[in-house]
Amino acid sequence: MMKKENVNNQLDAELAHAGEETALSPKMLLLEELRITPEKELKPMDFLFRLFGRRCFPRRELVGITGKAKSGKTFVVSMLMACCVMRDVLNFHREEEKGLKVMWYDTEQSDESTQDILKNRILPMIDTSSGEACFDIFNVRSVDWKERRDLLKEAIARGHPDLVVIDGIRDLVNDINDGVLAQEVMEELMHLATEHNCCIVCVLHQNKGSDDHNLRGWIGTELMNKAFEVYACEKLMPQCIFKVQQALTRKYDIEQPMYFEVGDDGLPVVSGEPSDESRGSQRQERLPPLNQAYRVYDETGKGSFDVPRLFNDALQGECEVQAQVYRERVMQLSGIAIPFKYNQLLNEALKQKVIIKVQRDKLTYYQAAPF
């Protein structure tokens, strides 16, 4: 084997004869291109999000999201997608001020399930005044596993997403325990992440045994070996609280788990660490009381907000109010502590023509609707 000093000496000699025919082989030239030294200038790591203030989900890397069936994996995916528009979703914070483009590549669920999650979970988490959602969503369950890989490469090359979610990567192979194929797929995904400067999130189930938290199959082993970080999801019973915790990282440790539960509207809500108390009493302690002055009740005792009164009062007699200021006023008046609930009420106010939305100078304003 040629020693490093000999290679460097040969390179110096070659540089002295630039333009002349080289004696270095293409492989030796490639090795020099791949050489890492303390002086070599490399691109700094570019992270898409923070979780509890710690950077996570870097570009040009793979990230794993894992857990048992129905453990909240797709809920976490939904939060990340919403955070590409909203900047802050539960404990996730988007690093860049500008919104991100995201691609969701669903290999597992039916078309109807994918659409239902988009319409009734992801979009309701988004405040339309914060920017338009830039989503590319594909359901490829009906496509052969080989074609899924080809279509994935085409979609990333043409769509230029910042965040890619593959839900789930098990369906990119025909045999989950084929070690050669698993390695091939992981190398292909790493190449795509690097070439297109995106973060690729790989969703994969854990083994079925209650005490076995390893990722399924050989492809799970390869993902653990290649991923920059992995997050494990778990549903805690009997409180029905979901837990998300970083299980592996190559750089920034996030020791604090994130807890959330699903509200009555089907959207995730920040939760505290579960205790032996009932779920209802926990929620009552966590959330501030709603302002009863803006609540109305039907004959069955079911409560809702008086949307016209609430949104008119929040205008405070002004001709128009900037979107962020308006949201703060409505949430303060109503006692709402969850932005997702505000988004629902805002959409209802627009639907009832209580207010109208105006775009001007790249900002959003709300005005009282004309009579």
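Rules used in this analysis
- Residues numbered from 1 in each chain as written.
- Predicted model: local features only at pLDDT ≥ 70, side-chain atom pairs only at ≥ 80, totals over all residues.
- Heavy atoms only, no water.
- Phe/Tyr/Trp six-rings, centres within 6.5 Å; stacked < 30°, edge-to-face > 60°.
- Helix = DSSP H or I, 4+ residues; strand = E, 2+ residues; numbered from the N terminus.
- Buried < 20%, exposed > 50% of the residue type's maximum accessible area, 1.4 Å probe, protein only.
- Lys NZ or Arg CZ within 6 Å of the ring centre and 35° of its normal.
- Pairing = 2+ DSSP bridges.
- Core = buried A, V, L, I, M, F, W, Y, C linked by side-chain atoms within 4.5 Å.
- pLDDT = per-residue confidence, 0-100.
- Contact = heavy atoms within 4.5 Å.
- Axes fitted to C-alpha atoms, helices over the stretch in contact; angles between N-to-C directions.
- Expected span 1.5 Å × (residues − 1).
- Salt bridge = Lys/Arg side-chain N within 4 Å of Asp/Glu carboxyl O.
- Parallel < 35°, antiparallel > 145°, perpendicular 65-115°, else oblique.
- Left-handed = near helix turned anticlockwise from the far one by under 90°.
- Nonpolar A, V, L, I, M, F, W, Y, C, P; charged D, E, K, R; others polar.

J.: Could you clarify how one ought to interpret the packing of aromatic side chains in this entry?
T.: Geometry of an aromatic ring pair is reported as the spacing of the ring centres plus the angle between the planes. Taken as a whole, this structure holds 11 aromatic pairs when the rule is applied. An angle of 25° between the planes, with centres 6.3 Å apart, marks the rings of Phe311 and Tyr342 as stacked. Residue Phe311 is found in helix H9 (residues 307–315), and its partner Tyr342 is found in helix H11 (residues 339–351); the two are separated by 31 residues along the sequence. For the pair Phe311 and Tyr342, a shared accessibility class is recorded, and that class is buried. Every member of this aromatic cluster is reached through a ring pair, and the members are Phe49, Phe57, Phe92 and Tyr231. Here the basic side chain of Arg309 rests over the ring of Tyr294, its NZ or CZ set 5.0 Å away from the ring centre. One residue, Arg360, lies across the ring of Tyr365, its end atom 4.4 Å from the ring centre.

J.: Would you take a moment to explain the sheet that holds strand E2 (residues 54–58) for this structure?
T.: Strand order in the open sheet formed by 4 strands is E2-E1-E5-E4, and the pairing between neighbours is antiparallel. Two strands lie at the open edges of the sheet, namely E2 and strand E4 (88–89), each paired on one side alone. Where E4 meets strand E5 (residues 92–94), 2 bridges bridge the pair, whose relative direction is antiparallel. Opposite Asp88, over in E5, you have His93 as the bridge partner.

J.: Help me understand unusual backbone geometry, please; the structure alone is not making it clear to me.
T.: Negative phi is the rule for most residues except glycine; trans is the rule for most peptide bonds. That bond from Asp167 to Gly168 is cis: its omega, 5°, falls within 30 degrees of zero. Position of Gly168 among the secondary structure elements: in the loop between strand E8 (163–167) and helix H6 (179–195). In this structure, Pro238 follows Met237 across a cis peptide bond, with omega equal to 10°. Mapped onto the elements, Pro238 comes out in the loop between strand E10 (229–236) and strand E11 (241–249). One non-glycine residue, Phe52, adopts positive backbone phi at about 55°. Structurally, Phe52 can be placed in the loop between strand E1 (47–51) and E2. Using a relative accessible area of 27% as the deciding quantity, one classes Phe52 as partly exposed.

J.: How should I be thinking about the nonpolar core in this particular structure?
T.: Counting residues in hydrophobic clusters, the biggest one holds 42 residues, and the most contacted among them are Phe49, Phe57, Phe92, Leu163 and Phe260. Among the elements that take part in this core, helix H3 (residues 73–86) stands out by supplying 11 residues, more than any other.

J.: Mind showing me how you'd approach the confidence of the model for the chain here?
T.: Any residue range with low pLDDT should be treated as having predicted coordinates unsuitable for detailed reading. Confidence in the prediction for the chain averages 86 pLDDT; 87% of positions are at 70 or higher. Counting contacts from residues 277–285, a segment whose pLDDT is below 50, to residues more than four positions away or on other chains yields 15 contacts.

J.: Before we go on, may I ask you to explain the sheet that holds strand E17 (residues 355–360) in this structure?
T.: Whenever strands of a sheet pair, they do so through backbone hydrogen bonds, lying parallel or antiparallel. With respect to topology, 3 strands assemble into an open sheet ordered E16-E18-E17, the strand pairing being antiparallel. The two strands at the open ends of the sheet, each matched to only one other strand, are strand E16 (320–322) and E17. Direction aside, neighbouring strands of the sheet carry axes that sit 30° apart on average. Judged from the 6 bridges that link them, E17 and strand E18 (residues 363–368) form a sheet pairing that is antiparallel.

J.: Would you mind showing me how to read H3 here?
T.: Every α-helix winds through 3.6 residues per turn, so residues three or four apart in the chain are directed the same way. Compared with an ideal rise of 1.5 Å per residue, which puts 14 residues at 20 Å, H3 spans 20 Å between its outermost C-alpha atoms and is within 8% of the ideal. Counting buried residues in H3 gives 14 out of 14 residues, a clear majority hidden from the surface. Arg87, located one to two residues past H3, shows a positive phi value of around 75°.

J.: I would appreciate a short explanation of the pattern of salt bridges in the present structure.
T.: A side chain with one charge can pair with a side chain of the opposite charge if their charged atoms come near. Per the stated rule, a full pass over the model turns up 16 salt bridges. Notably, a salt bridge pairs Arg55 with Glu95, separated by 3.6 Å at the nearest N-O pair. Of this pair, Arg55 sits in strand E2 while Glu95 sits in the loop between E5 and strand E6 (102–106); the two residues are 40 residues apart in sequence, bridging distant segments of the chain. Relative accessible area serves as the criterion here: at 34%, Arg55 is assigned to the partly exposed category. Its relative accessible area of 23% is what places Glu95 among the partly exposed residues. Between Arg149 and Glu188 there is a salt bridge, with its nearest N and O atoms 3.2 Å apart. With a gap of 39 residues between them, Arg149 in helix H5 (residues 145–159) and Glu188 in helix H6 connect regions that are remote in the sequence. A single burial state applies to Arg149 and to Glu188, both of which are buried.

J.: I'm lost on the packing of H9 against helix H10 (residues 323–334) in this one. Help?
T.: Between H9 and H10, the shortest axis-to-axis distance is 9 Å and the interhelical angle comes to 125°. Considered as vectors, H9 and H10 are oriented oblique to each other. Crossing of H9 over H10 shows right-handed handedness. Contact with H9, carried on its side by Leu310, Phe311, Asn312, Asp313, Ala314 and Leu315, involves Tyr326, Arg329, Val330, Leu333 and Ser334 of H10 and no other residues of that element. Per-class residue counts for the contact of H9 with H10 are 7 nonpolar, 2 polar and 2 charged.

J.: Looking at this structure, how should I read the packing of H3 against helix H4 (residues 111–122)?
T.: How two helices pack is summed up by the angle between their axes together with the distance between the axes. It is at 11 Å that the axes of H3 and H4 come closest, and there the two elements cross at 60°. On the basis of the axis angle, H3 is oblique to H4. Both H3 and H4 take part in a crossing whose hand is right-handed. Listed contacts from H4 to Thr74, Phe75, Ser78, Met81 and Ala82 of H3 are Ile117, Arg121 and Ile122. Taken together, the residues of the contact of H3 with H4 break down into 5 nonpolar, 2 polar and 1 charged.

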